[in-house]
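Descriptive analysis of the structure
The primary structure of each chain is shown beneath.
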Amino acid sequence: MQLVGTQQAIGLKSSVRPVAPLSVERAQYVRLRCIACESDLATLPYHFVGQAQEPVECRHCLAKLTQQHGIWLSLLESRQRYFAKFIRDYELVREAEGRGSDDPEFYLSLPFRDITRRNSWQWSIRARTFKYIASRILPVLAGGISRPLTVLDLGAGNGWLSYRLAHLGHHPIAVDLQTNSFDGLEAAVHYQHSLPKLFPRFQAELDRLPFADGQFDCAIFSASFHYSENYGRTLAETIRCLRPGGTIVIADSPSYSREEVGLQMVEERRKNFQKSYGFASDSLHSREYLTRDRLLYLEKRHHLEWVTHKPWYGIRWACRPAMARIRRRREPSQFRIYTAQVKTA
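Criteria and cut-off values
Residues numbered from 1 in each chain as written. Predicted model: local features only at pLDDT ≥ 70, side-chain atom pairs only at ≥ 80, totals over all residues. Heavy atoms only, no water. Helix = DSSP H or I, 4+ residues; strand = E, 2+ residues; numbered from the N terminus. Polar contact = N/O pair within 3.5 Å; in protein donor to acceptor, adjacent residues only side chain to side chain. Contact = heavy atoms within 4.5 Å. Core = buried A, V, L, I, M, F, W, Y, C linked by side-chain atoms within 4.5 Å. Buried < 20%, exposed > 50% of the residue type's maximum accessible area, 1.4 Å probe, protein only. Disulfide = S-S within 2.5 Å. Axes fitted to C-alpha atoms, helices over the stretch in contact; angles between N-to-C directions. Left-handed = near helix turned anticlockwise from the far one by under 90°. Nonpolar A, V, L, I, M, F, W, Y, C, P; charged D, E, K, R; others polar. Arc of directions from axis to C-beta. Phe/Tyr/Trp six-rings, centres within 6.5 Å; stacked < 30°, edge-to-face > 60°. Lys NZ or Arg CZ within 6 Å of the ring centre and 35° of its normal. Parallel < 35°, antiparallel > 145°, perpendicular 65-115°, else oblique.

**Details of the side chain of Asp-207**
In this structure, Asp-207 sits in the loop between β9 (201–203) and β10 (216–222). Reaching out from Asp-207, the side chain makes a polar contact with the side chain of Thr-234 at a distance of 2.5 Å. Setting aside its immediate chain neighbours within four residues, Asp-207 contacts Asn-230, Arg-233, Thr-234 and Glu-237.

Quick look at the structure:
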């Protein structure tokens, strides 16, 4: 793995190469595939994908891709049952934590300001991460020119990242399991009057995406990769959807130096959830955290080369490890940005 420091913008350009130019015509289309039989399903104009329309039927197995409230429902019935408890538990916790608001300004201000002030410190981290990605990673992928990138926003939540990417002129697609109106994909309606067209939204799992092979420039996991139940399977599916030379970005997933520290964090977290909500929040067997060893394993398995970026999150954040040692507490999580490019054919 390579390391890119916060001040090494020149080094970043040597470690992240621009993707090959796309024709305007191809960049504005999305190729879908059947989630049941994995056959090619349809090719639709990008902005048309985000608008309400009739179901798309697979000519091979007759399975249908349908929309509800403008969201494409891309989960097999068996997988809907599998994720049902996780979705219920997650919604309960997120609502209790104040992750949504009745005020549209809450969503339009993210990630730079949390007007509820309930999770301001987390949004301050997201804001710094976004600024780093927007200023140091995406421009390099675009070749230093004002060219829209096709971006998968994986684990999009309320769609704030897709909203910001669309404002920058890119073509994002928001993917998440959650479709509720306060913290899920339905909350993205708050952005529709601030954009020419609302970006497409898909309810789908990370390991079974409803997109044909090799068409996206970039896939971003913003505080979401650690929800994967199988990092290898999730990465393989992401790589399948990216064009050769496309880039994977993993941001704001907790990282630890050693496996045992991550396991300690998970145990503490489950006890806290049991005490606060009456359940341990373990209905999904998420991997929960990253370590260097885990990343090296994925690097070797998928023929990647991770580049580690270290945005500056402020002096208080930087002092957390030292303060934890002084107080004899568990090593705190660290946030990094990890990028890797799909090998060209």
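Moving on from the model shown.
**Topic: the nonpolar core**
Formed by 73 residues in total, the largest nonpolar core has its most connected members in Leu-152, Ile-173, Tyr-191, Phe-199, Phe-202, Phe-211 and Trp-306. Ranked by the residues each element gives to this core, the list is headed by helix α6 (residues 120–141), at 7 residues. In this structure Tyr-191 touches Tyr-107, Leu-108, Asn-158, Gly-159, Trp-160, Tyr-163, Leu-198 and Phe-199, once residues within four positions along its chain are discounted. If you look at the next biggest cluster of nonpolar residues, it comprises 7 residues, including Ile-87, Tyr-90, Leu-177 and Leu-284.

**Here we look at the state of the cysteines**
All told, the structure shown has 0 disulfides when counted by the stated rule. We note that Cys-37 lacks a disulfide partner, and the nearest cysteine sulfur, in Cys-58, lies 3.6 Å from it. Unpaired in this structure, Cys-61 has its nearest cysteine sulfur neighbour in Cys-34, at a distance of 3.5 Å.

**Topic: the packing of α6 against helix α7 (residues 160–167)**
How two helices sit against one another is set out by the angle between their axes and by the gap between those axes. Interhelical geometry of α6 versus α7 gives an angle of 35° and a closest axis separation of 12 Å. Where α6 crosses over α7, the two elements pack in a sense that is right-handed. Here Trp-123, Arg-126, Phe-130 and Leu-138 of α6 lie close against α7, whose contacting residues are Trp-160, Leu-161, Arg-164 and Leu-165. Split by residue class, the contact of α6 with α7 holds 6 nonpolar, no polar and 2 charged.

**What to know about unusual backbone geometry**
Pro-111 follows Leu-110 through a cis peptide bond whose omega is 0°. Tracing the backbone through its elements, the reader meets Pro-111 in the loop between α5 (104–109) and α6. Of note, Ser-281 is a non-glycine position whose phi angle comes to about 55°, a positive value. As for its placement among the helices and strands, Ser-281 is situated in the loop between α9 (259–277) and β12 (290–291).

**Some points on helix α10 (residues 292–301)**
Quick reminder: α-helices carry 3.6 residues per turn. Residues three or four places apart thus point the same way. Every buried residue belonging to α10 is among Arg-294, Leu-295, Leu-298 and Glu-299, and all of these are buried. The buried side chains of α10 occupy one side of the element, clustering within an arc of 135° when seen end-on. Opposite the buried face of α10, by more than 90 degrees, sit the exposed residues Asp-293, Tyr-297 and Lys-300. Immediately downstream of α10, the backbone of His-303 shows phi near 55°, a positive value.

**Thoughts on the packing of aromatic side chains**
If you walk through the whole model with that rule in mind, you get 20 aromatic pairs. When the ring of Tyr-313 is compared with that of Trp-317, the centres are 6.1 Å apart and the planes differ by 70°; the resulting orientation is edge-to-face. Three or more aromatic residues link up through ring pairs in this structure, and these residues are Trp-72, Phe-202, Phe-211 and Phe-216. If you follow Arg-287 out to its NZ or CZ, it ends over the ring of Tyr-231, 5.8 Å from the centre. Arg-294 extends its terminal NZ or CZ atom over the ring of Tyr-289, reaching a point 4.0 Å from the ring centre.

**Concerning the packing of helix α8 (residues 231–241) against α10**
Running from amino to carboxyl end, α8 crosses α10 at an angle of 45°, the nearest separation of the two axes being 11 Å. Judged by the inter-axis angle, α8 sits oblique to α10. α10 is crossed by α8, and the crossing has right-handed handedness. The segment α8 lies against α10, with Tyr-231, Gly-232 and Leu-235 engaging Arg-294, Leu-298 and Arg-301. Along the lines of polarity and charge, the residues of the contact of α8 with α10 split into 3 nonpolar, 1 polar and 2 charged.

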